[in-house]
Amino acid sequence: MLRKITEKVYAVGVNDFKRRLFDALIPLPDGTSYNSYLVRGEKTAVIDAVDPPFAAEWLRNIKAADCHPDYIIANHAEQDHSGALVDFIQAYPQAKIVTNAKCREFLLDLLRLPVEKFLLVEDKAALDLGCGLTLQFYFAPWVHWPETMFTFVPEENILFTTDFLGAHYASDDLYPRDEMIIYRAAKRYYAEIMMPFRVNVRKHLELIKTLAPKIIAPSHGQVYNHPEFILSAYTDWAGEDTKDALLLYVSMHDSVRHMTEIVRGELEAKNVTVRALDLTSADLGAVAMELVDARVVLLGTPTVLAGAHPVAASAVFLFNALRPKTKYLGLYGSYSWGGRAAEQLAAMLTAVKPEILPPLFFKGLPKPDEEKQLTAWAQDVAAKL
Ligand code: FEO
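Quick notes on the rules
Residues numbered from 1 in each chain as written. Predicted model: local features only at pLDDT ≥ 70, side-chain atom pairs only at ≥ 80, totals over all residues. Heavy atoms only, no water. Helix = DSSP H or I, 4+ residues; strand = E, 2+ residues; numbered from the N terminus. Buried < 20%, exposed > 50% of the residue type's maximum accessible area, 1.4 Å probe, protein only. Pairing = 2+ DSSP bridges. Contact = heavy atoms within 4.5 Å. Axes fitted to C-alpha atoms, helices over the stretch in contact; angles between N-to-C directions. Salt bridge = Lys/Arg side-chain N within 4 Å of Asp/Glu carboxyl O. Core = buried A, V, L, I, M, F, W, Y, C linked by side-chain atoms within 4.5 Å. Domains from an automatic or database assignment. Buried area = accessible area lost by both parts, 1.4 Å probe. Polar contact = N/O pair within 3.5 Å; in protein donor to acceptor, adjacent residues only side chain to side chain. Nonpolar A, V, L, I, M, F, W, Y, C, P; charged D, E, K, R; others polar.

A. Local environment of unusual backbone geometry. The amide bond that connects V143 to the next residue, H144, takes the cis arrangement and shows omega of 10°. Here H144 shows up in the loop between strand 13 (133-139) and strand 14 (149-153). The backbone of D48 shows a phi angle near 70°, a positive value even though the residue is not glycine. In this fold, D48 is placed in the loop between strand 8 (44-47) and helix 1 (55-64). At W142, a position not held by glycine, the phi torsion is positive, near 70°. Relative to the helices and strands, W142 resides in the loop between strand 13 and strand 14. On the basis of relative accessibility, which here comes to 39%, the residue W142 falls in the partly exposed class.

Listed below in structure tokens is the structure:
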């Protein structure tokens, strides 16, 4: 579908309503989209390609604009935005692929593209499209690959931010109808993709403030015609403030679930906002979203063959990957004849170093005096909040 943003700028991307998993890992409750845009001056530029299975639909959208593209801008090399470049250069053999040197390096590794098709640009370079339209390129590395860049059309005041500020959200609506819906999708996306790069995120937010675009067009999700809400959300998520407690737990025979309820009850009695997620049923995106703001994470595990439950261990793996700004980590759980679950989980924590609270592990179901210890533990946690 060809959708008009301004007289000179169109959305030509595609929706993937049926996709349910990204990177063979991330659940997509709302599908996703692979956005692409067309900017038409005397010359025409397409901004970003799409995932390869959608190449034909995307090329039909471009054709519907009744123009012959001279350039395709590659803001990011990952295949969901570059894979269909191969089809594009077959359809438009005269067109140049405009990108930075680092992105070209990736594209040549990932796709079969002829090197002579590339036109390299430097940071802050401009490309004149004629009819008073220019494209300006701003390198924005590590959102979330090292080669990412933004493209700005100052005359239309539109900034194309590739994955940055995006959301896995498929919709026939170009703009958000309900900002809270896209807020949640964007937070999930931020948590899964951008959270480890908070320092860069803050730097790029500053750049965007100086450009002051009226419209922000990312490469997933909807176009922001009131970008202040997503910029404010990102400022909040990427800032260093934390709040709340998050309980992540696995329970095999109910002891850990029972412990979780005691801790949760005591935290709530102290007016702490708590979320408790059973790791065996919570989706990875929901866990990631809760990690965005959590000041304290409490991880509960039973003991399996003298060690932590593998599902609890995978939560620590996720913690290492996403590097949340969590300040405190507490480990609790149960065992039957011994084990080293707490030491094992603490040793696995390599990428981030929250303060580790004294662990609390009991044999089987906690006895009344052990329940009191759990309550006191929860009170210590509440004091940190
Ligand atoms: Fe949507 Fe990093 O690709």
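That was the structure; now back to the text.
B. Main features of the sheet that holds strand 11 (residues 118-120). With respect to topology, seven strands assemble into an open sheet ordered 1-2-7-8-9-10-11, the strand pairing being mixed. Every other strand in the sheet has two partners, leaving strand 1 (3-4) and strand 11 as the edge strands with one partner each. In the packing of helix 4 (residues 101-110) onto the sheet, contacts are made with strand 10 (96-99) and strand 11, and the angle to strand 11 comes to roughly 155°.

C. Looking closely at the pattern of salt bridges. For the structure shown, the criterion picks out 13 salt bridges. Salt-bridge contacts for D254 lead to R257; the nearest nitrogen and oxygen are separated by 2.7 Å. Residue classification places D254 among the partly exposed residues on the basis of a relative accessible area of 37%. Note that R340 and E343 form a salt bridge whose closest N and O atoms lie 3.7 Å from each other. On the basis of relative accessible area, R340 is assigned to the exposed category, the value being 53%.

D. Expanded view of the nonpolar core. Counting 94 residues, the largest nonpolar core has W58, F88, F164, L165 and Y234 as its most contacted members. The dominant element in this core, judged by the number of residues it contributes, is helix 5 (residues 179-194), at eight residues. Both domains that meet at this core, namely domain 1 (3-238) and domain 2 (243-384), each give it at least three residues.

E. Structural view of the domain arrangement of the chain. Annotation of the chain at the domain level lists domain 1 (3-238) and domain 2 (243-384). Taking the mean C-alpha position of each, domain 1 and domain 2 sit 38 Å from one another. In total, about 1300 Å² of surface goes out of reach between domain 1 and domain 2, with carbon and sulfur atoms giving 61% of it. In terms of surface lost to domain 2, no three residues of domain 1 exceed R188, M195 and P196, which account for 35% of the buried area on that side. Where domain 1 touches domain 2, the interface holds two salt bridges. In this structure, the salt-bridge partner of D283 is R188, at a minimum N-O distance of 3.1 Å. Put simply, domain 1 and domain 2 have six residue pairs in polar contact (both at pLDDT 80 or more) between them. At the level of secondary structure, the elements contributing two or more residues to the side of domain 1 that touches domain 2 comprise helix 5 and helix 7 (228-238). Here the element with the most residues in the side of domain 1 that touches domain 2 is helix 5; it accounts for six residues. Residue composition of the side of domain 1 that touches domain 2, by class: nine nonpolar, no polar and six charged.

F. Up close: the pairing of strand 13. Most of strand 13 is tucked away: five of the seven residues are buried. With four bridges connecting them, strand 12 (residues 126-130) and strand 13 associate as antiparallel partners. Residue pairing in the sheet places A126 in a bridge with Q136 of strand 13. Here strand 12 folds back onto strand 13, and the loop between the two strands holds two residues, one of which, C131, carries a positive phi near 55°.

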